[in-house]
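# What the coordinates show
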Amino acid sequence: MLEAIRRQSRDDMPQWTLQSEADMGALGGAQACELPDGSVALLGGEPQGRNSRSVAPFFVVGRGAHGGIVLEDRTNEAAQGGVPALQGHSLTCDGEYLYVFGGRCGMEPSNTLYAYSIADRKFKIVQIEISDSAGRSPSPPVTTSGSSQSPVRLLRLPFSRASSRNALSVPALQQHACVVWEHRGRIELIFVGGRDALSGRISKMVHILTVHKSRETAVLRSIPVAGNGPTKGITDHVCACVGCLCLVACGNDRRNSSSRLYCFDLLATRWIRVSLPEDLRHVTHRESPTLTPVGNNLILFGGFSKKREPLDDVHILRVAHESGEVKEVRNRRCARVLDC
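No experiment lies behind these values; they were computed from the predicted model shown.

Helices and strands together make up the secondary structure of the chain, namely 3 helices and 24 strands. Taking all 340 residues of the chain together, the buried fraction comes to 46%. Look at the contacts in the chain between residues 6 or more apart in sequence, and 47% of them connect residues 24 or more apart. A total accessible area of about 17600 Å² is found for the chain, and carbon and sulfur atoms account for 48% of it.

Below, the structure is given as structure tokens:
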């Protein structure tokens, strides 16, 4: 943790500071997401001194009016919204709302979608409807109360894995990646890879949630991974959108791919072949890095090597839409990594 930025005796200006670990806890498994004003939201994790059924820690980190770093504790807002202390979930933002999906609370998996209004500072549960092209009727979601009308919260184990494999249900994804894609006035959440706790298997689907403008409901459709995609599933990876392309990088793809870089065309809903030069293949051989789109470029930073050694290098990549060719614009090794 960064040390508390203390009030300066020479400056009589109130400054919030980053709290100590005793206040925040060791937020193992927390997720971070940038907000429209440049601040960063931190949600989830399993803090020290709290049981696995506690509410999700929720903090927003930004710059103060007079400089310095401000940490705002919004955990009470997560408590009011009923968000548990999740790990292995995803957190993303469309500019107006934060979306929290999947993960687990202790040993219990979750397949609930939470939407947080940045303006109103309130969480709500988004009801998920399942789109089935085969015309089958979806099975009712599993709820804590047993009622099919109740919102999906936490799935109670044990449940019947054999029956859930064939039933149409909302996946309880863990170790997955999510991006937001806005197209023709629609907001879509794209979930790639991960492990589905309902089936107990690695997910080999692309799950697309089309969120209604009210954020009250969303429609789920699932597309099997085929062709040039990670057909054996992928975990501990990262995703980013550049135009209509969803880039899936790094992680464990279960087939020891030489590139570990995949590209999903969101308009054509198909995987396209990515050409990664041999001298760049080592760049994507890592797990749990960060991948951020900036214009037509992708900034890849950090992560862990196969031996679980932390990496501190930064690579700026550019993907050609027509050919799928990847070029490295710049790379740099950080002089040091901030201990935060």
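Moving on, we come to the sheet that holds strand 17 (residues 238-242). Across the sheet, 4 strands lie side by side as 17-18-19-20; this open sheet has antiparallel pairing. Each of the sheet's edge strands pairs with one partner strand only, and the pair in question is strand 17 and strand 20 (270-272). For this sheet, the mean angle separating the axes of adjacent strands, direction not counted, is 30°.

Its location among the elements puts Ser 54 in the loop between strand 2 (40-43) and strand 3 (58-63). Distance from Ser 54 to Ala 85, taken between C-alpha atoms, is 5.6 Å for residues 31 residues apart in sequence. Beyond its immediate sequence surroundings of up to four residues, Ser 54 is in contact with Pro 84 and Ala 85.

Before going further, it helps to spend a moment on the pattern of salt bridges. Evaluated as defined, the whole model comprises 10 salt bridges. Taking the shortest distance from any N to any O, the salt bridge between Arg 121 and Glu 77 comes out at 2.9 Å. Taken together, the residues span a long stretch of sequence, with Arg 121 in the loop between strand 8 (113-117) and strand 9 (122-130) and Glu 77 in helix 2 (residues 75-80) at a distance of 44 residues. Overall, Arg 121 belongs to the partly exposed group, its relative accessible area being 30%. We note a salt bridge from Glu 96 to Arg 215, for which the minimum N-O separation is 3.9 Å. Taken together, the residues span a long stretch of sequence, with Glu 96 in the loop between strand 5 (87-93) and strand 6 (97-105) and Arg 215 in the loop between strand 15 (205-211) and strand 16 (217-224) at a distance of 119 residues.

The subject of this paragraph is the sheet that holds strand 14 (residues 201-202). A sheet is described by the order of its strands in space; here 3 strands give the open sequence 10-13-14, paired in antiparallel fashion. Edge positions in the sheet fall to strand 10 (173-174) and strand 14, since each of these pairs with one other strand and no more. As judged from the 2 bridges shared by strand 10 and strand 13 (residues 195-196), these two strands associate in the antiparallel manner. In the strand pairing of strand 13, Gln 174 is matched with Arg 195.

On to the environment of Val 319. By secondary structure assignment, the location of Val 319 is in strand 23 (residues 313-319). Residue Val 319 is classed as buried on the basis of its relative accessible area of 14%. With 56 residues separating them in the primary sequence, Val 319 and Cys 263 have C-alpha atoms 9.6 Å apart.

Judged by nonpolar contacts, the single largest core of 39 residues is most densely connected at Ile 190, Val 192, Val 206, Cys 246, Val 248 and Trp 271. When sequence neighbours within four positions are dropped, the list of residues in contact with Trp 271 reads Val 192, Val 206, Val 225, Ala 226, Asn 228, Gly 229, Pro 230, Val 248, Tyr 262, Cys 263 and Phe 264. By size, the runner-up hydrophobic cluster in this structure holds 19 residues, among which are Leu 35, Ala 41, Cys 105 and Phe 123.

Next up on the list: the confidence of the model for the chain. Looking at the chain as a whole, the pLDDT averages 77, with 74% of positions reaching at least 70. For the chain, the element scoring lowest by mean pLDDT is helix 3 (residues 161-166), at 36; strand 8 scores highest, at 97. Predicted confidence for residues 1-22 stays below pLDDT 50, and this span has 34 contacts to residues more than four positions away or in other chains. Counted against residues more than four places away or in other chains, residues 134-167, with its pLDDT under 50, gives 56 contacts.

Rules and cut-offs
Residues numbered from 1 in each chain as written. Predicted model: local features only at pLDDT ≥ 70, side-chain atom pairs only at ≥ 80, totals over all residues. Heavy atoms only, no water. Helix = DSSP H or I, 4+ residues; strand = E, 2+ residues; numbered from the N terminus. Buried < 20%, exposed > 50% of the residue type's maximum accessible area, 1.4 Å probe, protein only. Contact = heavy atoms within 4.5 Å. Areas by Shrake-Rupley, 256 points an atom, 1.4 Å probe, with all protein chains shown as cover. Pairing = 2+ DSSP bridges. Axes fitted to C-alpha atoms, helices over the stretch in contact; angles between N-to-C directions. Salt bridge = Lys/Arg side-chain N within 4 Å of Asp/Glu carboxyl O. Core = buried A, V, L, I, M, F, W, Y, C linked by side-chain atoms within 4.5 Å. pLDDT = per-residue confidence, 0-100.

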